[in-house]
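Working through the structure, step by step
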Amino acid sequence: MKNVNEKLDATAAAMKKLLPAQDILQFSFSDGTGRQYVCFFADAITDKDLLGEQVFRPLMEYRGEARAKEIAAHVTAPEVRTERALGKLAAEVLAGNPVLLWDGMDEGLIAGTKKVPARAVSEPPTDVAIKGPREGFVEDVKLNTALVRKRLKTGELKIEFLTVGRRSQTAVAVCWLEGTSVQSAVDGVKEKLSAIDIDNVPDSSYLARFLSDRPYSLVKQVGTTEKPDIFCAKIAEGRVGVIADGSPIALTLPYMLVEDFQSSEDYFVPAARATFTRFLRLFALLVAIYLPAFYIASQLFKLQLLPVKLLLTIAGSIQDIPLSPSLEMLLVLLVLEVLNEASIRMPKYVGMALSVVGALVLGETAVSAGFVSTPAIIIVAFSGIGLYAVPNLIEETSVLRLAMLLVAGSVGTYGILLLSGFVLIYLVSTENYGVPLAAPFAPLTRRDLRDALLKYNLASLKTRPAALGSPNRRRQK
Amino acid sequence: MKLSARQICFFLAAVAPAGKLVLMPSQLVAQTANDLLLPVALQILAQSALVFAVLLLARNGRTVYGMLSDMVGGFFAKAACVLFAAFLLFAAFVPLVEQKILVQSIFYDTLPSYVAFAPFFLFAAYLCAKPLASLGRVWDMLAPLFLVGILGVLLLSVGNADFGALLPVGAAGAGGFGRGVAYTAGWFFDAALLLPLVGKFPYRKGLAWKGALCYLGGGILLLFFLAVYYGIFAEIAVTQLFAFAHMSKYFSGITAMGRIDYLFIFAIAFVMAFYTAMPVQAAVDALTDAFGHRRVLAPTLSTAFNAALLALMLAFNFVPSATVSAITQRAFWIFPVFAAGAPLLLLALSPVLNKRRERHAR
């Protein structure tokens, strides 16, 4: 049986066959005329109070016809619709929306009384702002779209829901501004999402892989944010947003590398300060990637890179180290990565102990034992701190740092130069939805430089980024 | 269009001069002593005029191969492209040797293995296989980087330059001047590098002038560099093979802060690495225009050419200076034949082409 049958028993039996799980409950009752009803709902994700108040109570007093339209008008739940296909009705039950079946009708009624357990809206830990909004996305797609709708109160904001994941049936919201977002990007995103054939989508990062033009790329291809204000700002610039149920991280496309050097706070502080911090982030990132590599290259191949006094200090501290400079640096970097990994996943009360172990035991003792030199630890610490100046690029930069280190240890400064060349060519060649990753620097878009590393005053940012190709260029008069 | 007019201008103004800073200054001083500016000025003027001519060719939006096949038919056009690609590969040799000597001298204090330079060919193969759009975007990034690098070096060095060393003008005589012009021909073939790009960027009104002026601007920067170089080293300039990497180290702040000038030197060397790969890139472009199938042919040719050049570099490993001298002092005449002859011939024949096209259109 594929569709709802007029015989309630047969339909209910078919539904039960589709939903054999123990947490799917079945409730039977009759209305004022004695007509039998059966309601299917998922135990933990349905608001039972609301279901009783808005569906069961009005129907128990109902004395009218068995037609779906009249019954739908009689229940007081605001979100009601009908469906014939049993498969779709079962999917609704699994999503938390109760399904009502009754005798003498070949349609089922879906009542939107879903109540998914959700975390309260709070400040995201990865995107803390001193000035500006502090709200962050949560794991509930409906709540997240509400946070977006709250900020963009326009009919032009389109939100289309798709279902992704064969078994997870994850609701994915595609958000865009009609007339501002590039239609080809909107269509491309929807097409790619519809083409995904995967069992389970636990997080939006799964979708990011499928939405990328280069899914195997080392460099991220999709923008991410946990903050609705940033998400809305990006949509308003002409991008397409994707929110997946179960993930507090929303995706934005097309992505440009420069986005990760901009923070939401840049728009709430004076332009000069924002420009300074953006350059600071770039500097920190370059230091994070290149400092360990140049330190190694200078020791092994090019001593002139260091001032003489510094060179003598370093020479003094490394003379008894048993490891080669590159191996030493690799070891210290590895320890840093392990500490980093462990500190994220360890319970908070163990974290303090871990810091002591990391800083004192591994740092101090390793130096006094002569395993590693003090400059190596300073360099790695500096690099580690620099990496977190641009938190959204940590995965890419830590790999790049390691690659630079290996090349510096084997080929020296020339290797660093060539690898940088490779990275540059790769970055400028990469495009996503027709938008170059390295824009607005390559290809150079002069007008977009006003909000790239430089940050002009808000009054000067009259147009949307040209690189995105929005059909509605002007954003303020 | 794969490239933009701006990217062409950026290449001419701030990427092309990067290829003339390594061995050319000292070779020039060997012939002309303090008169080194005059031959280079003449070369820059000539190249600016040739750039103007090449950019004029771009007006009809056709590639050079397209133009040639209209004029002389597909077979001869293909033969001409192969010949031109052979010239470009020949021209690639000087920048490659320069790059190799430079790498071994400024990137290592220790004695590097003679294959330390080999990874360059991997980089070049990757670059040459990329579409032209990527190359244009690379120029967008390299142009400001080169300007920062060269201006940084000049700023740190200019205080130590005695421009009086450039006087009296004309001491080298006509012979010295002539040799200076002839022996620097091997470094001035930028107009030829542009030829395979014709038809791949939109021609806007005045682009030929803009391109020529950009090249002239880059040339003026090069002349200033040469003046500072000779002003610092004077009589011993002839022995300073990689002047741009040495001239800023006499800046007084270096003692206290270390070689901060390396930041600028590395910036220039970075741009130079891209410029060094440019002739091979142009050769690949010329051949893919002629034979099509760019998707397959470009990576294949790029790999093959770079592998062949690596083998040649290893073969000539112990005689790099002699190789450069042979090319620039004996075979110098090849450069003007192709770099000047090809664009001028095409420009002269373009009215014939236009007439033929009009006839076909009718």
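Residues numbered from 1 in each chain as written. Chains lettered and ligands numbered in written order. Predicted model: local features only at pLDDT ≥ 70, side-chain atom pairs only at ≥ 80, totals over all residues.

1. Let's talk about the overall build of chain A
- Assigned secondary structure in chain A consists of 15 helices and twelve strands.
- Relative to the 2.2 N^0.38 estimate, which gives 23 Å for 477 residues, the radius of gyration of chain A is 29 Å and therefore markedly larger than a compact globule would have.
- Counting only C-alpha atoms and orienting by the principal axes, one finds that chain A spans roughly 100 × 55 × 35 Å.
- Taken across its 477 residues, chain A has 40% of its residues classed as buried.
- Of the contacts formed within chain A by residues at least 6 apart in sequence, a portion of 66% connects residues at least 24 apart. (Helix = DSSP H or I, 4+ residues; strand = E, 2+ residues; numbered from the N terminus. Rg over C-alpha atoms; globule rule 2.2 N^0.38 Å. Buried ≥ 20, exposed ≤ 12 C-beta atoms within 10 Å, placed from the backbone. Contact = placed C-beta atoms within 7 Å.)

2. So, the sheet that holds strand β6 (residues 157-164) of chain A
All names here are of chain A.
- Reading across from one edge, β6-β7-β9-β10-β8 is the order of the five strands in this open sheet, with antiparallel pairing throughout. Single-partner strands in this sheet number two, and they are β6 and β8 (223-225). Pairs of neighbouring strands in the sheet enclose a mean axial angle of 25°, with direction left out of account.
- Pairing of β6 with strand β7 (residues 170-177) involves eight bridges; the strand directions are antiparallel. If you follow L162 over to β7, its bridge partner there is V172.
- Packed on one face of the sheet, helix α7 (residues 204-211) meets β6, β7, β9 (240-244) and β10 (250-253) and runs near 20° to β10. (Pairing = 2+ DSSP bridges. Axes fitted to C-alpha atoms, helices over the stretch in contact; angles between N-to-C directions.)

3. Quick word on the nonpolar core
- Within the largest apolar cluster, 223 residues are counted, with the highest numbers of intra-cluster contacts made by B:V15, B:F146, B:I268 and B:V271.
- A per-element tally of this core places helix α13 (residues 261-291) of chain B first, with 22 residues.
- Mapping this core onto the domain boundaries places at least three of its residues in each of domain 2 (141-267) and domain 3 (271-429) of chain A.
- Sequence-distant contacts of B:V271, that is, excluding residues within four places in its chain, are made with B:V15, B:A18, B:L142, B:L145, B:F146 and B:G149.
- One finds A:A42, A:V99, A:W102 and A:M105 within the second-largest nonpolar core, a separate group that totals 29 residues. (Core = buried A, V, L, I, M, F, W, Y, C linked by C-beta atoms within 7 Å. Domains from an automatic or database assignment.)

4. Considerations on the domain arrangement of chain A
- Each assigned domain of chain A is listed here: domain 1 (8-111), domain 2 (141-267) and domain 3 (271-429).
- Between the C-alpha centres of domain 1 of chain A and domain 3 of chain A the distance comes to 61 Å.

5. Thoughts on the interface of chain B and chain A
- Across the contact, 29 residues belong to chain B and 28 residues belong to chain A.
- Elements that contribute at least two residues to the side of chain B that touches chain A include exactly α7 (119-129), α8 (132-157) and α13 of chain B.
- Here the residues of the side of chain B that touches chain A are counted per class, giving 18 nonpolar, five polar and six charged. (Nonpolar A, V, L, I, M, F, W, Y, C, P; charged D, E, K, R; others polar.)

6. Observations concerning the sheet that holds strand β1 (residues 24-30) of chain A
Residue and element names in this part refer to chain A.
- What the five strands build is an open sheet, ordered β1-β2-β4-β5-β3; its pairing is antiparallel. One side of each edge strand has no neighbouring strand; the edge strands of this open sheet are β1 and β3 (80-83). Adjacent strand axes in the sheet meet at a mean angle of 25°, parallel and antiparallel pairs treated alike.
- Of the strands in this sheet, β1, β2 (36-42), β3, β4 (99-102) and β5 (108-111) are in contact with helix α4 (residues 86-95), which crosses β2 at around 55°.

7. Let's talk about unusual backbone geometry
All names here are of chain A.
- The step from L253 to P254 runs through a cis peptide bond, and the omega angle for that step is -10°.
- Its place among the elements puts P254 in the loop between β10 and α9 (271-300).
- Cis geometry is adopted by the peptide bond preceding P440, which originates at A439 and carries an omega value of 5°.
- Position of P440 relative to the elements: it lies in the segment after β12 (435-436).
- Although it is not a glycine, Q169 sits at a positive phi angle of roughly 45°.

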